[in-house]
Structure formats: structure tokens, C-alpha cells
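Chain and residue survey
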Amino acid sequence: MLTGKTALVTGSTSGIGLGIAKALAAQGANIVLNGFGDVDGPKAEVAALGVKVAYHGADMSKPADIEDMMKFAAAEFGQVDILVNNAGIQHGAKIEDFPVEKWDAILAINLSSAFHATRLALPAMQAANGGKGWGRIINVASVHGLVASAQKSAYVAAKHGVIGLTKVTALENATTGVTCNAICPGWVLTPLVQKQVDARAAAGGVSIETATQQLLGEKEPSMQFTTPEELGALAVFLCSPAGNNVRGVAWNMDGGWTAQ
Ligand code: NAD
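Just so we're clear, the structure is a prediction, and the values are computed from it rather than from any experiment.

With that settled, the discussion passes to the packing of aromatic side chains. Tallied over the full model, the rule gives two aromatic pairs. Taken together, a centroid distance of 5.8 Å and an interplanar angle of 70° make the contact between phenylalanine 237 and tryptophan 251 edge-to-face. With phenylalanine 237 in helix α8 (residues 228-239) and tryptophan 251 in strand β7 (residues 250-253), this pair connects stretches of sequence that are 14 residues apart. On the basis of relative accessibility, which here comes to 30%, the residue phenylalanine 237 falls in the partly exposed class. Here the basic side chain of lysine 5 rests over the ring of tryptophan 134, its NZ or CZ set 4.2 Å away from the ring centre.

In C-alpha cells:
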């Protein structure tokens, strides 16, 4: 379905980003990976799906790096048809104790990076398909783009901002073939959340299993984690012809978290 298209997924060396990259690759899209840590493993996992894969190590907190990554992707594959703004970090602390440098980093990586990648991807998407435009921008927001939790001021502010940016991007391109939507996961058991489970276990003097049940029980009525594979399938739907008129939505996959 996506053969001949190119998808750039930020923060795709791990977790949700890698899950979405693999789901798009399984539909035939060539992939540009980004993120820190092990690169060879994720590259091999995507390449095994029979598509071309490239990697750029842009630090998503740096606009100049993002510009370089977008130029690299265009040079490598012609253009970026699908942009998944996924890179993100987390830090928990009360507002009065929140380290200022953590606030700045979370806003830069979780929100401003999506603005920069989007502004740089849009011109080619708008010009595609003989000027009628074709493109898909998928912003990985969170339930924390819709509701709040204590101790997550920067994260919640950034994710609410991502949903606002999603709506504006969708509206400005509403008469074109370029759509923009947000995905809002509840808990997904990735390294980002494992750190929160481990911290909870250490703070409460309980086992990892108990801390996991407590974490889910507080917020997620299904008592199940959403998986990167499920989120990948949602991204594939948004890229399909059936997603043509889905514009500016914030789509939860949260086990009922925000239904309460
Ligand atoms: P993760 O820690 O597994 O992956 C984060 C990715 O971002 C990694 O590839 C990492 O290398 C990359 N990254 C971090 N800082 C970066 C930077 N400065 N520049 C480039 N890449 C950087 O986390 P995840 O859980 O897969 O999170 C992915 C996205 O999903 C984030 O935006 C997160 O807020 C969102 N999310 C996660 C959950 C969850 O429960 N895990 C829930 C809702 C939303």
C-alpha cells in the first residue's frame, strides 16, 4: 500500500517509534530512522521487511540538526511523504522543584521538534501529486495531550501543544492531500515507561510486578498496556486512502483512560 513512499519517524531506535516504522515498512514504505542508542539492531529489523532504510542521528532538541536530517532524507529518497513526529522524553517533579533545563529539553524535544520537522516537510508534501498535494503527518502525542497528571508539567504542556499544532497543521492543509493527526497512547511498556515503573517500585519498596499493576490500576481501566504494534496499525490506517478525510483528530488508544 505504501510502496514508493518514504516515511521519516523521529525517535525510532526504540519503543513506539520503532513499532510505527516497522508497521509502515511492512506496507512497503522506505524508512528514515532517527534516535539515540543502538542503531544497527533497529536498522536490521526494518531492512528485514524488504524496504530501504537510512538513519540520521539528529538531536531533536536542535533545529539545525532537524534541518540537516530533512535535507538528508530528501537527498536519500527524493522526499518525505510520511512524517511521524514521535521523539520524546519524560521527567517527573512538582512545578516548584522542576529543573529548568528539563523543562526546556522537554518542550524542545516533545513539541518544538514537531514544529520544525513539519515546517520543513510541508512544502514538498504540498507540491506532490501534481500540485494537489499528498502527505501524512502523524504526531505521537499522548493521553497527556488531553488530560493531566501531577508531576508532569512540562510533558503535559508539550503534549497539549502537540495537539494544538496538529489541528493548525490539519486546517492549513485541509483542501490538499496532506493530512495531520495525533495519536494519543495511554501506557505503553517502552523504556520510557519502564523507568517510571522502576522508580515506583523503588519508592514504594514493592516488586516490579506490583508497581506495574499499581501504575495501570491508577489510570488505565483495561489494565493492559497498548503495544507499539497496535499504534503502528493505527498509523498505517491514517496513511491509507480511508484516512484521506481524517484531519486534525487526537485519537486515543488508551484502554479507557480518558473515558473516565
Ligand atoms: P522510548 O524512550 O522507547 O523512545 C524514545 C525515542 O526518542 C528513542 O528512540 C530515543 O532515542 C529518542 N530520543 C530521545 N531524545 C531524543 C533527541 N533529543 N533526539 C532524537 N531522538 C531522541 O519512548 P516511547 O515510550 O517509545 O516514546 C515515544 C513517544 O511516545 C514519545 O513522544 C512519548 O511521549 C510518547 N508516548 C509514550 C507513551 C508510553 O506509555 N510509552 C505514552 C504516550 C505517549
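Next, the rest of the story.
Okay, the packing of helix α6 (residues 191-204) against helix α7 (residues 208-219) next. Two numbers describe how α6 lies on α7: the axes approach to 8 Å, and their chain directions differ by 110°. Overall, the two elements α6 and α7 adopt an arrangement that is roughly perpendicular. Our pair here, α6 against α7, has a crossing hand that is right-handed. Taken together, the residues of α7 that come into contact with α6 (itself represented by Val193, Gln194, Val197, Asp198, Arg200 and Ala201) are Ile208, Ala211, Thr212, Gln214, Leu215 and Glu218. Its residues assigned to classes, the contact of α6 with α7 comprises six nonpolar, three polar and three charged.

The parallel open sheet is built from seven strands, whose spatial order is β3-β2-β1-β4-β5-β6-β7. Each end of this open sheet is capped by a strand with a single partner; those strands are β3 (53-56) and β7. Here the strands of the sheet are splayed against their neighbours by 20° on average, with no regard to which way each runs. Bridging between strand β5 (residues 135-140) and strand β6 (residues 178-185) involves six bridges; their strand directions are parallel. Directly across from isoleucine 137, in β6, lies its bridge partner cysteine 180.

Attention now goes to the site of the ligand. Ser14, Asn86, Tyr155, Val188 and Thr190 are the nearest of the 30 residues found near the ligand. The separation between a nitrogen atom of the ligand and a polar main-chain atom of methionine 60 is 2.8 Å. Glycine 186 is positioned with one of its backbone polar atoms (N or O) 3.3 Å from an oxygen atom of the ligand. When the ligand sits alone it has 820 Å² of accessible area, and the protein chains cover 93% of it. More than half of the atoms belonging to the ligand lie within 2 Å of the grid points that define the largest pocket. Counting only elements with at least two residues in the shell around the ligand, the list comes to α1 (15-26), α5 (153-172) and α6. Among the elements that make up the shell around the ligand, the one with the highest residue count is α6 (three residues). Residue classes in the shell around the ligand are distributed as 16 nonpolar, twelve polar and two charged. Counting only domains with at least three residues in the shell around the ligand, you end up with domain 1 (6-186 + 227-253) and domain 2 (189-225).

Bringing the nonpolar core into the picture now. Formed by 30 residues in total, the largest nonpolar core has its most connected members in Leu24, Ile31, Ile82 and Val84. At seven residues, the largest contribution of residues to this core is made by α1. Excluding residues that lie within four positions of it along the chain, leucine 24 makes contacts with Leu2, Ala7, Val9, Ala29, Ile31, Ile82, Val84, Ala235, Val236 and Cys239.

We now examine empty space enclosed by the protein. To locate leftover empty space, one rolls a probe as large as a water molecule over the atoms. Summed over all chains, the structure comprises one cavity of 30 Å³ or more. Size it by volume and the largest cavity reaches roughly 40 Å³. Asn85, Asn86, Ala87, Ile109, Asn110, Ser113, Val140, Lys159 and Val162 are the residues that line the largest cavity. Elements with a contribution of two residues or more to the lining of the largest cavity: α4 (100-127) and α5. When residues of the lining of the largest cavity are assigned to their parent elements, the largest contribution, three residues, is made by α4.

How each quantity is defined
- Residues numbered from 1 in each chain as written.
- Predicted model: local features only at pLDDT ≥ 70, side-chain atom pairs only at ≥ 80, totals over all residues.
- Heavy atoms only, no water.
- Phe/Tyr/Trp six-rings, centres within 6.5 Å; stacked < 30°, edge-to-face > 60°.
- Helix = DSSP H or I, 4+ residues; strand = E, 2+ residues; numbered from the N terminus.
- Buried < 20%, exposed > 50% of the residue type's maximum accessible area, 1.4 Å probe, protein only.
- Lys NZ or Arg CZ within 6 Å of the ring centre and 35° of its normal.
- Axes fitted to C-alpha atoms, helices over the stretch in contact; angles between N-to-C directions.
- Parallel < 35°, antiparallel > 145°, perpendicular 65-115°, else oblique.
- Left-handed = near helix turned anticlockwise from the far one by under 90°.
- Contact = heavy atoms within 4.5 Å.
- Nonpolar A, V, L, I, M, F, W, Y, C, P; charged D, E, K, R; others polar.
- Pairing = 2+ DSSP bridges.
- Near = heavy atom within 4 Å.
- Polar contact = N/O pair within 3.5 Å; in protein donor to acceptor, adjacent residues only side chain to side chain.
- Areas by Shrake-Rupley, 256 points an atom, 1.4 Å probe, with all protein chains shown as cover.
- 1 Å grid on protein atoms, 1.4 Å probe; cavity = no way out; pocket = protein on both sides within 12 Å on 5 of 7 lines; lining within 4 Å.
- Sits in = over half its atoms within 2 Å of the grid points.
- Domains from an automatic or database assignment.
- Core = buried A, V, L, I, M, F, W, Y, C linked by side-chain atoms within 4.5 Å.
- Points joined across faces, edges and corners; volume = space filled by probe spheres on them.

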